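A structural walkthrough
In case you want the letters, here they are:
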Amino acid sequence: SEEWQEDAMQFLVQEVFRTPRWISTPKITNYIQGEGTQNMMRMLQISALRSLTSDTRLNCMMDVSETGRRMGMKVYTVHELMDDLRLGLFAEIIPDGNKKFFDGKTLPALDVYRRNLQFAYIKRLMDLVEEVYEKPSDASAAAFLQLRKLRKSVKQARRAEFTQNEAHWWMC
């Protein structure tokens, strides 16, 4: 159901896409990986991001959305998924994302893990847009729209005084 999918996205934004501090403690990382926490976290988060935005998942969601719409059902659409991802991953600069995923209170820290995830998200959107030449789909159009929306938010963030994070927003 749409509600269940929205709850799942809330969980992913809070527990996977926000730096999970519990897994990045030396007590845990010393047992599972020798090459460093940053790379491990990046791989875990990018894996989840790629799974959420895979062609198969997005095309399936589009099919279900279309069928559900015709049947008068309320479904979680690709555009809603993509909007929620953008809002959750860039809550630092998008007030609606802050309110929806973080109660307008505690923002996630814009640490190296989060910056890596934001770059990975932008790269994934660009990959989806480029795939339109190989196999046109509505997923490519949705990705293009998200890049446009994100560009507007990043431009606004550049104008604000973020001092420490200013270079990151210029890179986005």
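First, a word on scope: everything that follows refers to the structure included in this document.

What about the overall build of the protein chain?
In terms of helices and strands, the protein chain carries nine helices and zero strands. Reading the secondary structure of the protein chain in the N-to-C direction produces α-α-α-α-α-α-α-α-α. Across the 172 residues in the protein chain, those meeting the buried criterion constitute 41%. Just so you have it, the protein chain exposes about 10200 Å², and 54% of that area is on carbon and sulfur atoms.

Structural notes on the nonpolar core
Proteins that are soluble and globular tend to have nonpolar side chains buried together. In this structure, Met-9, Phe-17, Leu-49, Leu-85, Leu-89, Phe-90 and Tyr-121 are the most contacted members of the largest nonpolar core, which totals 35 residues. Those elements that provide at least two residues to this core are α1 (2-16), α3 (37-52), α4 (55-70), α5 (78-89), α6 (95-102), α7 (112-130) and α8 (138-159).

A short note on the layout of surface pockets
In this approach, a probe sized like a water molecule rolls over the atoms, and the result shows the empty space that is left. Roughly 230 Å³ of internal volume is contained in the largest pocket. What lines the largest pocket is Trp-4, Gln-5, Ala-8, Met-9, Leu-12, Leu-52, Arg-57, Cys-60, Met-61, Tyr-76 and Leu-81. Mapped by element, the contributors of at least two residues to the lining of the largest pocket are α1 and α4. It is α1 that provides the largest number of residues to the lining of the largest pocket, a total of five residues.

Quick notes on the pattern of salt bridges
Summed over all chains, the structure comprises nine salt bridges. Across the pair Arg-50 and Asp-127 runs a salt bridge whose closest N-O atoms are separated by 3.8 Å. Within this pair, whereas Arg-50 is found in helix α3, its partner Asp-127 is found in helix α7, the two being separated by 77 residues in sequence. Note that Arg-70 is salt-bridged to Glu-66, the shortest N-O span being 3.6 Å. A residue pair is termed a helical-turn pair when its members lie 3 or 4 positions apart in one helix, as Arg-70 and Glu-66 do in helix α4 at four residues. Among the residues examined, Arg-70 registers a relative accessible area of 61% and is labelled exposed. In the salt-bridge network here, residues are joined through shared partners; they are Arg-50, Lys-123 and Asp-127.

Side note on the environment of Met-126
Tracing the chain through its elements places Met-126 in helix α7. Judged by its relative accessible area of 40%, Met-126 is partly exposed. Met-126 sits 18 residues away from Phe-144 along the chain, and the two C-alpha atoms are 7.6 Å apart.

Observations concerning the packing of aromatic side chains
Under the defined criterion, the tally for this structure stands at one aromatic pair. Ring plane angle 55° and centroid distance 6.0 Å describe the contact between Phe-90 and Tyr-121, whose orientation is recorded as tilted. Taken together, the residues Phe-90 in the loop between α5 and α6 and Tyr-121 in helix α7 connect sequence positions 31 residues apart. Exposure class is identical for Phe-90 and Tyr-121. Each is buried.

About the thresholds
Residues numbered from 1 in each chain as written. Predicted model: local features only at pLDDT ≥ 70, side-chain atom pairs only at ≥ 80, totals over all residues. Heavy atoms only, no water. Helix = DSSP H or I, 4+ residues; strand = E, 2+ residues; numbered from the N terminus. Buried < 20%, exposed > 50% of the residue type's maximum accessible area, 1.4 Å probe, protein only. Areas by Shrake-Rupley, 256 points an atom, 1.4 Å probe, with all protein chains shown as cover. Core = buried A, V, L, I, M, F, W, Y, C linked by side-chain atoms within 4.5 Å. 1 Å grid on protein atoms, 1.4 Å probe; cavity = no way out; pocket = protein on both sides within 12 Å on 5 of 7 lines; lining within 4 Å. Points joined across faces, edges and corners; volume = space filled by probe spheres on them. Salt bridge = Lys/Arg side-chain N within 4 Å of Asp/Glu carboxyl O. Phe/Tyr/Trp six-rings, centres within 6.5 Å; stacked < 30°, edge-to-face > 60°.

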